[in-house]
Amino acid sequence: TGCIQIAGPDTSNRYIALQIPGLRSFKNLLNELRTRYFVFMKLLEKEEAQKRGAISLAYVVGHFGDKRQGGGYVENHYVSMALPLLPVAFHVCTDDLMQTVFGNLVVKMTPAKGRARFRLHYGTHLECQYQLSSYGIPSDLLPLSPETNEIELEPHLRWYRSCFTNNNKNGTADQLNHLHQSPGPIAEPNPNDVLSIGSKKSDNMGNERLRVLVKDVAKSYSIGTNEEKRRLVDGIINDIHDSGGRFLRQVKGSETYWEEISVVKVREKITQRFRNYNRRRESVRQTVIGGALIPDAPLPNDVVFGRAQRSKGNELLHRLIKDKSEDYDSLNRGMKVIVVDAVMEQIKSNGGRFLQPTADLDGYVELSIDSTRDRVSTYFRNYRRPSKKGIK
């Protein structure tokens, strides 16, 4: 019925056990208890939930108030407490004044340890969602339509069907493909989607989540067998789908519409991500030698080496390479370092540093003098003046 769902993760990477009492429509209490047990045990399959617990969120605003007047709450509470899932916070959203008064009385009678974990939010849909966002729970994690404030059950139903498909003996990500295919072009991706935009980097929440998932299991992937690697890739695909996300690419020739990528192609892309990540990590190990880790963001005048990096420092480096390329080419190999050092000194005198981003260390590495010389020398060698072929 959708009265108990898994949402999230929130900004602290904790999953949310979302409960919407207004959707309680079970034939009997036993079926409801079975559903709660099933959803919570699925939540416990996630390693992050085992380590850091989960957030309980009851949403009873408007017509999502409980039509059963609290019937079965005691039994549901006992089932929840019997499971090895740590509730790190309790949020209740309501627009009922009596519920708010009663809830505040209950909170005041609760021991201090429990009271610190409980938050009661009173107001309209918009007001409650705004209050939740101040606790790291953005409104787009709730399955609510922004226009109508109605529950959108399709992501939850997709997750529900995928759970049973995964339980089949031969259940793989390929069998789930048809559950996640949209009937036509998609006008607006949701925050949990993974967007493929060629060589550009996307800051969509789904893309960030994919990067974290790849980073978390990269070591296991690098030492695993082919079967274990495939299982890790399929696990990431299912994790993205479980969060309500899809793998999308822009429709050819369009800048506004998207289409889903087949699971076969998705698997290829994730496999390539693992190869790139491990190659980059090995490169970082070599780069760190003689360099210093910079945890802060680069300064405007810093030169940041890497794909598609843009900054004032990078622009200055490109201008200097262009201006001094003839001097570099005119010198013999032993003297070229004079031009390279002059470029480096000009960047440094402008307040810049030479940095290399690294996802493995969550920061930047300031390159050693020797590493910087190698990079700048490579820039000179790769620089090409306009070809004069064809000019008569």
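Located above this text is the structure these notes cover.
Predicted, not measured: the structure shown is a model, and the values here were computed from it.

*Asks:* Even after reading the chapter, I still don't get the nonpolar core, so can you show me in this structure?
*Replies:* In globular proteins that are soluble, nonpolar side chains generally tend to be buried together. One finds Leu43 and Tyr59 to be the most contacted residues of the largest nonpolar core, which totals 36 residues. Put simply, the parts of the chain that give this core at least two residues each are strand S1 (4-7), strand S2 (15-19), helix H1 (29-44), strand S3 (54-60), strand S4 (87-94), helix H6 (125-133) and helix H7 (154-166). Discounting residues that sit within four places of it in the chain, leucine 43 has contacts with Ile6, Tyr15, Ala17, Ala49, Ala54 and Leu85.

*Asks:* How should I be thinking about a nonpolar patch on the surface in this particular structure?
*Replies:* Together, Leu97, Val101, Phe102, Leu105, Val106, Met109 and Tyr122 give the surface a local cluster of nonpolar side chains, amounting to about 730 Å² of exposed area. Here the element with the most residues in the nonpolar patch is helix H4 (residues 97-109); it accounts for six residues. A residue is classified by how much of its surface remains accessible, and methionine 109, at 67% relative accessible area, is exposed.

*Asks:* What should I look at first to understand the packing of aromatic side chains in this one?
*Replies:* Any pair of aromatic rings gets described here by the distance separating the centres and the angle formed by the planes. Here the structure, examined in full by the defined rule, presents five aromatic pairs. The interplanar angle of 15° and the centroid separation of 6.2 Å between the aromatic rings of phenylalanine 305 and phenylalanine 354 together place this pair among those described as stacked. Of this pair, phenylalanine 305 sits in the loop between strand S10 (303-304) and helix H12 (312-330) while phenylalanine 354 sits in strand S11 (residues 354-358); the two residues are 49 residues apart in sequence, bridging distant segments of the chain. By relative accessible area, which is 2% here, phenylalanine 305 ends up buried. Given the relative accessible area of 3%, phenylalanine 354 is considered buried. Judged by centre distance (4.4 Å) and plane angle (5°), the rings of tyrosine 328 and phenylalanine 380 are stacked. One end of the pair, tyrosine 328, is in helix H12; the other, phenylalanine 380, is in helix H14 (residues 369-382), and 52 residues separate them in sequence. In this structure tyrosine 328 comes out as buried when scored by relative accessible area, which is 6%. Joined through ring pairs, the aromatic side chains of Phe305, Phe354 and Tyr379 make up one cluster. The ring of tyrosine 221 has lysine 229 lying over it, and the distance from NZ or CZ to the ring centre is 5.2 Å. The lysine or arginine in question, arginine 375, covers the ring of phenylalanine 305, its NZ or CZ lying 5.3 Å from the ring centre.

*Asks:* Looking at this structure, I do not really get the environment of isoleucine 20. What am I missing?
*Replies:* Of note, isoleucine 20 is situated in the loop between S2 and H1. Separated by 39 residues in the primary sequence, isoleucine 20 and tyrosine 59 place their C-alpha atoms 5.2 Å from one another. Each residue touching isoleucine 20, except ones within four places of it in the same chain, is listed here: Gly2, Cys3, Gln5, Tyr59, Phe64 and Ile151.

Criteria and cut-off values
Residues numbered from 1 in each chain as written. Predicted model: local features only at pLDDT ≥ 70, side-chain atom pairs only at ≥ 80, totals over all residues. Heavy atoms only, no water. Core = buried A, V, L, I, M, F, W, Y, C linked by side-chain atoms within 4.5 Å. Buried < 20%, exposed > 50% of the residue type's maximum accessible area, 1.4 Å probe, protein only. Helix = DSSP H or I, 4+ residues; strand = E, 2+ residues; numbered from the N terminus. Contact = heavy atoms within 4.5 Å. Patch = residues over 30% accessible without salt bridge, like charges linked within 9 Å, V, L, I, M, F, W, Y side chains within 5 Å. Areas by Shrake-Rupley, 256 points an atom, 1.4 Å probe, with all protein chains shown as cover. Salt bridge = Lys/Arg side-chain N within 4 Å of Asp/Glu carboxyl O. Phe/Tyr/Trp six-rings, centres within 6.5 Å; stacked < 30°, edge-to-face > 60°. Lys NZ or Arg CZ within 6 Å of the ring centre and 35° of its normal.

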